[in-house]
Amino acid sequence: MAASEKSALSVPLLDLKPQYAALADAINAAIQSVVSEQGFILGPKVEAFESAVASYCGVSEAIGVSSGTDALMVAMMAMGIGSGDEVITTPYTFFGTVGTITRLDAKPVFVDIDPLTFNIDATRIADAITPRTRVLAPVHLFGQCADMTPIRQLARDHHLEIIEDAAQAIGARYGEQLAGAMGHVGCLSFFPTKNLGGFGDGGMVLTDDRVLAQTCRCLRNHGMEPKYFHSRIGGNFRLDALQAAVLQVKLPHLDRWQDGRRANAAHYRRLFEQAGISRKPEILAQDEGMDGIILPTEAPDCHHVFNQFVIYTPKRDALLKWLREHNVGCEIYYPLALHMQECFRSLGYREGDFPHSERAARMSLALPIFPDLSQLQLERVVSVIADFFKQQQ
Ligand SMILES: Cc1ncc(COP(=O)(O)O)c(C=O)c1O
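Note that this is a predicted model, so its numbers are computed, not measured.

Here we take up helix 6 (residues 148–158). Side chains three or four residues apart in an α-helix point the same way, a direct result of the helix having 3.6 residues per turn. Among the residues making up helix 6, those that are buried are Met 148, Ile 151, Leu 154 and Ala 155. Down the axis of helix 6, the buried set is contained in an arc of 125 degrees. They therefore lie on one face. Following helix 6 by one or two positions, His 159 has its phi on the positive side, about 55 degrees.

Our focus in this paragraph is the sheet that holds strand 3 (residues 107–110). On the basis of which strands lie adjacent, the open sheet formed by seven strands has the order 1-9-8-5-4-2-3 and mixed pairing. Two strands close off the open sheet at either side, each with one partner strand: strand 1 (61–65) and strand 3. When the angles between neighbouring strand axes are averaged without regard to direction, this sheet yields 25 degrees. As paired strands, strand 1 and strand 9 (residues 203–207) are joined by five bridges and run antiparallel to one another. If you follow Val 65 over to strand 9, its bridge partner there is Gly 203. Packed on one face of the sheet, helix 4 (residues 68–78) meets strand 1, strand 5 (161–165), strand 8 (185–189) and strand 9 and runs near 160 degrees to strand 8.

So, about the packing of aromatic side chains. Across all of its chains, the model carries 18 aromatic pairs by this definition. Ring geometry for Tyr 92 versus Tyr 334: centroids 6.1 Å apart, planes at 75 degrees, classification edge-to-face. Of the two residues, Tyr 92 sits in the loop between strand 2 (86–89) and helix 5 (95–103) while Tyr 334 sits in the loop between helix 11 (316–325) and helix 12 (355–363), which places them 242 residues apart along the sequence. Comparing Tyr 92 with Tyr 334 shows no difference in burial state: the two are buried. With 5.5 Å between their ring centres and 15 degrees between their planes, Phe 95 and Phe 344 make a pair best called stacked. You can see Phe 95 sitting in helix 5 and its partner Phe 344 sitting in the loop between helix 11 and helix 12, a full 249 residues away along the chain.

Looking now at unusual backbone geometry. In the segment running from Glu 225 into Pro 226, the intervening peptide bond is cis, with an omega of -5 degrees. Checked against the element boundaries, Pro 226 lands in the loop between helix 7 (210–219) and helix 8 (241–250). Residue Tyr 334 is reached from Tyr 333 by a cis peptide bond, and omega for that bond is 15 degrees. If you check the backbone angles, Asp 105 has positive phi at about 70 degrees while not being a glycine. Tracing the chain through its elements places Asp 105 in the loop between helix 5 and strand 3. Despite not being glycine, Asp 301 has its phi angle at roughly 70 degrees, a positive value. Its location among the elements puts Asp 301 in the loop between strand 11 (293–294) and strand 12 (302–303). You can call Asp 301 exposed: its relative accessible area is 64%.

Okay, the pairing of strand 14 (residues 364–367) next. By the alternation rule, side chains of strand 14 split into Ser 364 and Ala 366 and Leu 365 and Leu 367, which are all buried. Here four bridges tie strand 13 (residues 309–312) to strand 14, and the two strands are oriented antiparallel to one another. Paired with Ile 311 across the two strands is Leu 365, which belongs to strand 14.

Remark on secondary structure: sheet strands pair via backbone hydrogen bonds, oriented parallel or antiparallel. The strand order across the open sheet formed by three strands is 7-6-12, and the pairing between neighbours is antiparallel. The sheet is open, and its two edges are formed by strand 7 (177–178) and strand 12, each paired on a single side. Looking at chain direction, strand 6 (residues 173–174) and strand 7 are connected through two bridges and run antiparallel. Pairing of Arg 173 across the sheet is with Leu 178, part of strand 7.

Taken together, 13 residues lie near the ligand, and Gly 68, Thr 69, Asp 165, Gln 168 and Ser 189 sit nearest. Within the contact set of the ligand, an oxygen atom lies 2.8 Å away from a side-chain nitrogen or oxygen of Gln 168. Here Ser 189 contributes a side-chain N or O atom positioned 2.7 Å from an oxygen atom of the ligand. The fraction of the free accessible surface of the ligand (390 Å²) that becomes covered by protein chains is 93%. Looking at side-chain class alone, the shell around the ligand contains three nonpolar, eight polar and two charged residues.

About the criteria used
Residues numbered from 1 in each chain as written. Predicted model: local features only at pLDDT ≥ 70, side-chain atom pairs only at ≥ 80, totals over all residues. Heavy atoms only, no water. Buried < 20%, exposed > 50% of the residue type's maximum accessible area, 1.4 Å probe, protein only. Helix = DSSP H or I, 4+ residues; strand = E, 2+ residues; numbered from the N terminus. Arc of directions from axis to C-beta. Pairing = 2+ DSSP bridges. Axes fitted to C-alpha atoms, helices over the stretch in contact; angles between N-to-C directions. Contact = heavy atoms within 4.5 Å. Phe/Tyr/Trp six-rings, centres within 6.5 Å; stacked < 30°, edge-to-face > 60°. Near = heavy atom within 4 Å. Polar contact = N/O pair within 3.5 Å; in protein donor to acceptor, adjacent residues only side chain to side chain. Areas by Shrake-Rupley, 256 points an atom, 1.4 Å probe, with all protein chains shown as cover. Nonpolar A, V, L, I, M, F, W, Y, C, P; charged D, E, K, R; others polar.

Spelled out as structure tokens, the structure:
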């Protein structure tokens, strides 16, 4: 390919069309089968998909729900979380993790992240536990598990329950254990950008607790059991048969896609090192003016599934502008940590309370990582970033 053609190559942050094209016949047939049967809400297609995900994730019960946010909501409702309860989590996550806690009138209590993994710093959790703490809610951000051994130990010591927000981490492993199967409850999202993404919203609650699973099934359908009799107040949190049918076709391909994401991450690492612009993660704490980028850290014994490939650079905003000008997709996850959000002002946190989360919000940038990226596209991303640092000198 000529240099001019290569420089014209655009690289989207995510392009789902090749994935659909490869599976179009099977997906179209699955959709047609739902349409022919005219059974759209719950039913056998949802049940079959629940069994498949339960077995993929290594749990005995899976409850299909309308989104990852609703998975968190249903799980917390089933556990009776409400007014006066505290839930410990991270301020550096998607809004849904914390929005659900506050919608139930419980109080989110934030603990800062480990800057290298972006996940809750387990060594700081003990200080945040009070007599009102009910749940530890670690988030496996960007596709890598939080440090679950100390978190589980704390939960045992303090008689707390664990809700894993595994929305971004289906299939990620911590040692031999799978994301979503290490706590009392795990929550998945099938939002289209996730590693297993549907054709709309969807989510799932995972658990080994049969009684809790039964409560979740009841709550996702208005707390109705039997029909039109309500012993508890639930909502409409049901998973559509169309989503389940599409996702069922995709699930057997998930491991291959995860391998593709991991291979892209490894390739980026080689290319950035060759280009001389990757810096040691330790420099983050020492030099916020450094040139170059810090690549994602894979914690020992963690199988990262790279829902996102997130780098650090102090020149983040200028780099983002440069990448977009050069037709390379990128995104900030997340530009404002949750303790600084206007809607959570009443929690009483202030700037400076969680410095690692605040720095991540200032300096992090997600680059394209989806499995259908070509070698040329990966090279293009790296060369555009290398050019950015050259023209800075
Ligand atoms: C960490 C995290 N938690 C919760 C959610 C909520 O999932 P959904 O968008 O399916 O409601 C998401 C998805 O965006 C997420 O990334």
